[in-house]
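Commentary on secondary and tertiary structure
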Amino acid sequence: MSGPRRDIRAASIRVALGATAVVAVMYVIVALGVFVIVTNTLTSQLDARLARDLERTLAGPAAPPPDGGFQAPAPDRPFGPPILVWTVLPDGTVIANTSGADLPAAAVGVTTPETVVVGGEDMRVTGGTAGDNHVIVGQRTAEVTATQQTLLAAELIIGAVLLVLVFVGAVAVGRRV
């Protein structure tokens, strides 16, 4: 190969690399946007479910049963994720409805949804007042994390295929011009 043909090949590859870079930047922006929207939506759904569970827990008696703290409400759907409940008594004692679920000290007074680590697991928690007690409900964020991982893997695979196709297509078009 020599002369104009080699110049066309080199030019088509340069244009293809430029086009692929532009598409890569746009794809990363869109993929990050989708990731953030999905994460926020799933977290908001989890927070809404926790708020309903807290409301149902607080709708009962204002004081916990004499033998312990408040219990989790009945599931709002069959086979739903388990709800953890902590009761903070007026003297500061924390009683959990699940053994080994030690509430971090920083979360004892929580009143709005936040993420904490309980027993090595990320959990979303929120709380409210029941008489002289503070009640906190929580749920693992494993479903949100699993969805994030699946979405990220899909975005990486789709992005790689897209960029290869853009590059090959741009080279093919550049050589025909």
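Structure shown above.
Quantities reported herein were computed from a predicted structural model and do not represent experimental measurements. (Residues numbered from 1 in each chain as written. Predicted model: local features only at pLDDT ≥ 70, side-chain atom pairs only at ≥ 80, totals over all residues. Heavy atoms only, no water.)

1. Observations regarding the pattern of salt bridges
A side chain with one charge may pair with a side chain of the opposite charge, provided their charged atoms come close. Cut-off, in case you're wondering: The term salt bridge refers to a side-chain nitrogen of Lys or Arg lying within 4 Å of a carboxyl oxygen of Asp or Glu. Starting at the N terminus, helices and strands are each numbered in turn, a helix being any DSSP run of H or I of at least four residues and a strand any DSSP run of E of at least two. Accessibility here uses a 1.4 Å probe with only protein chains present; expressed as a share of the type maximum, an area under 20% marks a residue as buried, one over 50% as exposed, and anything in between as partly exposed.
This structure, assessed with the given rule, holds three salt bridges. Here Asp-47 ties to Arg-124 by a salt bridge, and the two come within 2.8 Å at their closest N and O atoms. You can see Asp-47 sitting in helix α1 (residues 4–58) and its partner Arg-124 sitting in strand β4 (residues 121–130), a full 77 residues away along the chain. When its relative accessible area of 14% is taken as the criterion, Asp-47 is described as buried. You can call Arg-124 buried: its relative accessible area is 13%. Residue Asp-53 is joined to Arg-56 by a salt bridge in which the shortest nitrogen-to-oxygen separation is 2.7 Å. Taken together, the residues Asp-53 and Arg-56, both in helix α1 and three residues apart, mark about one turn of the helix.

2. What about the pairing of strand β1 (residues 84–88)?
This is how the line gets drawn: For two strands to be treated as a pair, DSSP must find at least two bridges joining them.
Counted residue by residue, β1 has five buried out of five residues, so it is predominantly covered. Every second residue of β1 is oriented toward a common face, with Leu-84, Trp-86 and Val-88 on one face and Val-85 and Thr-87 on the other, all of them buried. Bridging between β1 and strand β5 (residues 133–140) involves five bridges; their strand directions are antiparallel. By the bridge assignment, Val-85 is partnered in β5 with Val-137. Bridge count for β1 against strand β2 (residues 94–96) is three bridges, and the pairing is antiparallel. Following the sheet pairing, Val-88 is matched in β2 by Val-94. Hairpin connection, β1 to β2: the antiparallel pair is bridged by five residues, and Gly-92 has positive phi, about 95°.

3. Quick notes on the sheet that holds strand β3 (residues 114–118)
The criterion, for reference: To obtain an axis, a line is fitted to C-alpha atoms, over the contacting stretch when the element is a helix, and the angle between two such axes runs from 0 to 180 degrees between their N-to-C directions.
Strands sit in the order β2-β1-β5-β4-β3 across an open sheet of five strands; the sheet is antiparallel. The open sheet is flanked by β2 and β3, the only strands paired with a single partner. Across the sheet, the mean angle from the axis of one strand to that of its neighbour is 35°, orientation sign disregarded.

4. Brief notes about the nonpolar core
Note the cut-off: Nine residue types can take part in a nonpolar core, namely buried Ala, Val, Leu, Ile, Met, Phe, Trp, Tyr and Cys, and a core is a set of them joined through side-chain atoms within 4.5 Å. Throughout, a residue-residue contact means that at least one pair of heavy atoms, one from each residue, lies within 4.5 Å.
Counting twelve residues, the largest nonpolar core consists of Leu-84, Trp-86, Val-88, Ala-101, Leu-103, Ala-107, Val-110, Val-116, Val-118, Met-123, Val-125 and Ile-136. Listed by contribution, the elements that provide at least two residues to this core are β1, β3 and β4. Broken down by element, this core gets its largest block of residues, three residues, from β1. Contact partners of Leu-84, with chain neighbours within four places excluded, come to Asn-97, Thr-98, Ala-101, Met-123, Ile-136, Val-137 and Gly-138.

5. What about the side chain of Ser-12?
Let me state the cut-off plainly: Polar contact criterion, stated in full: a pair of N or O atoms within 3.5 Å, where within protein one must be able to donate a hydrogen and the other to accept it, and residues adjacent in sequence count only if both atoms are side-chain atoms.
With respect to the helices, strands and loops of the structure, Ser-12 is situated in helix α1. Relative accessible area serves as the criterion here: at 3%, Ser-12 is assigned to the buried category. Of note is the side chain of Ser-12, whose polar atom sits 2.8 Å from the backbone oxygen of Arg-9.

6. Considering the environment of Leu-42
Within the secondary structure, Leu-42 sits in helix α1. Counting along the chain gives 24 residues from Leu-42 to Gly-18, while the straight-line C-alpha distance between them is 36 Å. Other than its neighbours up to four places away in sequence, Leu-42 contacts Val-144 and Thr-147.

7. What about the side chain of Glu-155?
Selection rule: The charge count treats Lys and Arg as positive and Asp and Glu as negative. His and the chain ends do not count.
With respect to the helices, strands and loops of the structure, Glu-155 is situated in helix α2 (residues 142–176). This buried residue, Glu-155, is left without a salt bridge; Arg-124 holds the nearest opposite charge, at 20 Å. Non-local contacts of Glu-155, meaning those with residues more than four positions away in its chain, are made with Tyr-27, Ala-31, Val-34 and Phe-35.

Just distances and angles here, no functional claims.
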